[in-house]
Every structure is written in structure tokens, then in C-alpha cells.
Amino acid sequence: MENQLEKYRKFIFMGIIIISLGVTFSTAMKDTVDSLGTVFIAVGGLFFIIGMNMKRKEEEKKK
């Protein structure tokens, strides 16, 4: 049996992971990859927003 997550959950989890990597890059590795951390935070936020939008649309279909 396959236990798969909903598509929106994959996007939300991926967004959270990318945001946390971005925060780590921005704080712990400030000297080398500071700008990369900012980009990761922005991309992670985008994935999070996409996932939340997909969740809202899926819940509206169920009603």
C-alpha cells in the first residue's frame, strides 16, 4: 500500500524546509552564503504560499 501525502502538503513541507535552510544560511554561514540564504527564504515562502493556496482550493471543492 502506498501512503501518499496530498499535493498541497508536499508543497508546504518543502517550503518549510527551504525556509529553514535559508535561515541557517543567513545566520550561521553569514560570511559565505548570506545572499543565498535570502533567496532560499524567498523561494521557501513562495512554495508555502502555493501550498496554502492549493489547500484552500481543495477545501472549497469538498464543500
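Structure: above.
Chemist: What is the right way to read the pattern of salt bridges from this model?
Modeler: For the structure on display, the rule yields two salt bridges. One salt bridge connects Glu 6 with Arg 9, and the closest N-O pair in it is separated by 3.3 Å. What makes Arg 9 partly exposed here is its relative accessible area of 37%. Here Glu 60 ties to Arg 56 by a salt bridge, and the two come within 3.2 Å at their closest N and O atoms. Residue Glu 60 and its partner Arg 56 are both found in helix α2 (residues 30–62); the two are separated by four residues, about one turn of the helix.

Chemist: Mind showing me how you'd approach a nonpolar patch on the surface here?
Modeler: Taken together, the side chains of Leu 5, Phe 13, Ile 16, Phe 48 and Met 52 define a hydrophobic patch exposed on the protein surface, amounting to about 430 Å² of accessible area. Of all the secondary structure elements, the ones that give two or more residues to the nonpolar patch are α1 (7–27) and α2. Residue placement: Phe 13 occurs in helix α1.

Chemist: Explanation requested: α2 in the structure shown.
Modeler: Structural remark: α-helix, 3.6 residues per turn; residues separated by three or four positions point the same way. End to end, α2 covers 45 Å across 33 residues, agreeing with the expected 48 Å (1.5 Å per residue, within 8%). A bend of about 35 degrees at Leu 36 is the largest found in α2. Among all positions in α2, only Gly 37, Gly 44 and Gly 51 are buried. Check the buried side of α2 and you find it contacts α1.

Rules used throughout
Residues numbered from 1 in each chain as written. Predicted model: local features only at pLDDT ≥ 70, side-chain atom pairs only at ≥ 80, totals over all residues. Heavy atoms only, no water. Salt bridge = Lys/Arg side-chain N within 4 Å of Asp/Glu carboxyl O. Buried < 20%, exposed > 50% of the residue type's maximum accessible area, 1.4 Å probe, protein only. Helix = DSSP H or I, 4+ residues; strand = E, 2+ residues; numbered from the N terminus. Patch = residues over 30% accessible without salt bridge, like charges linked within 9 Å, V, L, I, M, F, W, Y side chains within 5 Å. Areas by Shrake-Rupley, 256 points an atom, 1.4 Å probe, with all protein chains shown as cover. Expected span 1.5 Å × (residues − 1). Bend = angle between axes of the 7 residues up to and from the residue. Contact = heavy atoms within 4.5 Å.

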